[in-house]
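Architecture and fold: a report
Here's the letter readout for the chains.
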Amino acid sequence: METEHRVSTLELFFDLVFVFTITQLTVLLADDLTPRGAGQVVLIFTVLFWMYGGYAHLTNQVPPDRTVRRVLLMLAMGAFMVCALAVPTAFGAGGVAFGLGYLLVVLVHGALFTQAHGRGVLWFALPNVLCALAVTAAGLFDGLPAWGLWLLALLLQFATPVVVQRVAASGAGAQAEAEAEAAEQTVGDRLGGMNAAHLVERHGLLLIIVFGESVIAIGIGVGSLPLSAGIAGGAFLALTIASAMWWMYFVRDEGRAEEVFAQTPPERRFKLAMTAYYYAFLPVLLGIAVFAAGVKKTIGHLGEHLHTGPAVALAGGVALYLAGNLVFRGVLGLGPARYRAAALVLALATVPVGTGWTGAGQLVALAVVLVGAVVAEGGRSPAARARGTAAESVTGS
């Protein structure tokens, strides 16, 4: 039986600082709703979320319950803040500042892991440092060289888990047998042994904070506009869409995800966590940010034809969220996918509604699609349904 390990308030504080980077990315995308702007957002967020995941795994295994650990985690928060402030110009004048902030994030992460587990962490700390150096170097260039260095950083990130697992399996190659076994155990400890409740709770808290971004986007989009019936209705529709996305994860998926992780052998949890809470969560979180950018650009133009960018952001954000959620559910085996897959297709089909009719019309269409998917799946969570079935059986007996 696992000992209970819940998310600390310091970790939640850390998440609030990290989510500021997503706020900045939403602003960046809203100001440049083009393929180029979208590409920059994807690259920046993928690099940042890699290290967020690194810290989530870190505090899962090395809780910030000592003064040194708390101070180092706060230092990492400051480094993430530097990255967030540099996000709008990460592909320009702020590129070096972003890279140096990211390098500090990486170094603190490695220091915390090393403090508790020794030199075995170098197998993933060194690639992380190389990734940060590539991002920093990208700030010295413009155009294709900068894009190439960012892509190199992503390549290093995606290759690192594979390399680390192979190193663990091979015992670090040419070392003596006893030394190799020690190295394997050290790296293996980093790949497994994660507390299931903490892992699921940490990412759920991150997700709810990111949902808050879509709510903030409504207020920013309204700005100083007078609060008319139309604006209030548009805000209600945007909140309805965000609420339906919330329902899909927190009512239908979160509790079952924790059960799956709890039933998974500790040595297999790292690989499962990488797939479910990194690769699948990337489009989930990006989808919310993209939707928020679309809301920000639409809420003040509800009665007008939308430009292609805002219409695609609204529909594409919802579709990205659903795509990531479908992968998440598929990896964990959480149930049928047909309603959410249909909702994904229908969400994309709302783009012509926004461009050919009105922004309000597209928000209505998206709300109908998502609420319809939630209703089709059944309004109650599997846990609630199980409790109801049990109660009926007791009553019947």
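Residues numbered from 1 in each chain as written. Predicted model: local features only at pLDDT ≥ 70, side-chain atom pairs only at ≥ 80, totals over all residues. Heavy atoms only, no water.

**Brief notes about the overall build of the chain**
- From N to C terminus, the chain includes 17 helices and 0 strands.
- Across the 397 residues in the chain, those meeting the buried criterion constitute 53%.
- Pairs at least 24 residues apart make up 80% of the contacts formed inside the chain by residues separated by at least 6 positions.
- Accessible surface, the chain as shown: approximately 16800 Å² in total, 68% of it carbon and sulfur. (Helix = DSSP H or I, 4+ residues; strand = E, 2+ residues; numbered from the N terminus. Buried < 20%, exposed > 50% of the residue type's maximum accessible area, 1.4 Å probe, protein only. Contact = heavy atoms within 4.5 Å. Areas by Shrake-Rupley, 256 points an atom, 1.4 Å probe, with all protein chains shown as cover.)

**Some points on helix H13 (residues 308–332)**
- Across its 25 residues, H13 extends 35 Å between first and last C-alpha, which sits within 8% of the 36 Å expected from 1.5 Å per residue.
- Of the residues trailing H13, Gly333 is marked for its positive phi of about 65°. (Expected span 1.5 Å × (residues − 1).)

**Examining the pattern of salt bridges**
- Counted according to the given criterion, the structure contains 10 salt bridges.
- A salt bridge links Glu11 to Arg202; the shortest N-O distance between them is 3.1 Å. Taken as a pair, Glu11 in helix H1 (residues 9–31) and Arg202 in helix H8 (residues 196–222) lie far apart in primary sequence, 191 residues in all. The two residues Glu11 and Arg202 agree in class, both being buried.
- Each member of the salt-bridge network shares a partner with another, and the members are Arg252, Asp253, Arg329, Arg340 and Glu377. (Salt bridge = Lys/Arg side-chain N within 4 Å of Asp/Glu carboxyl O.)

**Examining the layout of surface pockets**
- If you add up the space inside the largest pocket, you get close to 280 Å³.
- Of all the secondary-structure elements, those providing two or more residues to the lining of the largest pocket are helix H2 (35–61), helix H12 (281–298) and H13.
- No other element matches H13, which puts 7 residues into the lining of the largest pocket.
- Residues that form the lining of the largest pocket fall into these classes: 11 nonpolar, 5 polar and no charged. (1 Å grid on protein atoms, 1.4 Å probe; cavity = no way out; pocket = protein on both sides within 12 Å on 5 of 7 lines; lining within 4 Å. Points joined across faces, edges and corners; volume = space filled by probe spheres on them. Nonpolar A, V, L, I, M, F, W, Y, C, P; charged D, E, K, R; others polar.)

**Some details on the packing of aromatic side chains**
- In the structure shown here, the tally under the stated rule is 27 aromatic pairs.
- Each ring, one from Phe91 and one from Trp150, has its centre 5.1 Å from the other, and the planes form 15°; the classification is stacked. Of this pair, Phe91 sits in the loop between helix H3 (67–86) and helix H4 (95–117) while Trp150 is found in helix H6 (residues 144–170), placing the two residues 59 residues apart along the sequence. Assigned by exposure class, Phe91 and Trp150 land together as buried.
- One aromatic cluster is present, formed by Phe14, Phe18, Phe45, Phe49, Trp50, Tyr52, Tyr55, Phe80, Phe158, Tyr278 and Tyr279 through successive ring pairs. (Phe/Tyr/Trp six-rings, centres within 6.5 Å; stacked < 30°, edge-to-face > 60°.)

**Quick notes on the side chain of Arg269**
- Here Arg269 lies in helix H11 (residues 266–279).
- The class of Arg269 is buried, set by a relative accessible area of 4%.
- Within the structure, the side chain of Arg269 is placed 2.9 Å from the backbone oxygen of Thr264, a separation counted as a polar contact. (Polar contact = N/O pair within 3.5 Å; in protein donor to acceptor, adjacent residues only side chain to side chain.)

**Structural notes on helix H9 (residues 229–250)**
- With 22 residues, H9 extends 31 Å from end C-alpha to end C-alpha; this agrees with the ideal 32 Å at 1.5 Å per step.
- Listing the buried residues of H9 in full gives Ile231, Gly234, Ala235, Leu237, Ala238, Ile241, Ala242, Ala244, Met245, Met248, Tyr249 and Phe250.

**A short note on a nonpolar patch on the surface**
- Residues Leu12, Phe13 and Leu16 make up a contiguous nonpolar surface patch of roughly 270 Å² in combined accessible area.
- By the element assignment, Phe13 lies in helix H1. (Patch = residues over 30% accessible without salt bridge, like charges linked within 9 Å, V, L, I, M, F, W, Y side chains within 5 Å.)

**Side note on the packing of H11 against H13**
- Interhelical geometry of H11 versus H13 gives an angle of 155° and a closest axis separation of 8 Å. Comparing the axis directions of H11 and H13 gives the class roughly antiparallel. Every residue of H13 that contacts H11 at Leu272, Thr275, Ala276 and Tyr277 is listed here: Phe328, Val331 and Leu332. (Axes fitted to C-alpha atoms, helices over the stretch in contact; angles between N-to-C directions. Parallel < 35°, antiparallel > 145°, perpendicular 65-115°, else oblique.)

**Examining the packing of H8 against H12**
- For the pair H8 and H12, the least separation of the axes is 7 Å and the interaxial angle reads 10°. Judged on the interaxial angle alone, H12 and H8 are roughly parallel. You can see that H8 and H12 cross each other, and the crossing is right-handed. Taken together, the residues of H12 that come into contact with H8 (itself represented by His203, Leu206, Leu207, Val210, Phe211, Glu213, Ser214, Ala217, Ile218, Ile220 and Gly221) are Phe281, Val284, Leu285, Ile288, Phe291, Ala292, Val295 and Lys296.
- Of the residues that constitute the contact of H8 with H12, the class distribution is 14 nonpolar, 3 polar and 2 charged. (Left-handed = near helix turned anticlockwise from the far one by under 90°.)

**Digging into the environment of Val312**
- Tracing the backbone through its elements, the reader meets Val312 in helix H13.
- Non-local contacts of Val312, meaning those with residues more than four positions away in its chain, are made with Gly317 and Val351.

**Topic: the confidence of the model for the chain**
- The predicted model of the chain averages 88 in pLDDT, with 86% of residues at 70 or higher.
- Taken as a whole, residues 171–191 scores under 50 in pLDDT and shows 27 contacts with residues more than four places along the chain or in a different chain.
- Taken together, the stretch residues 387–395 has pLDDT below 50 and engages in 1 contact with residues farther than four places along the chain or on a different chain. (pLDDT = per-residue confidence, 0-100.)

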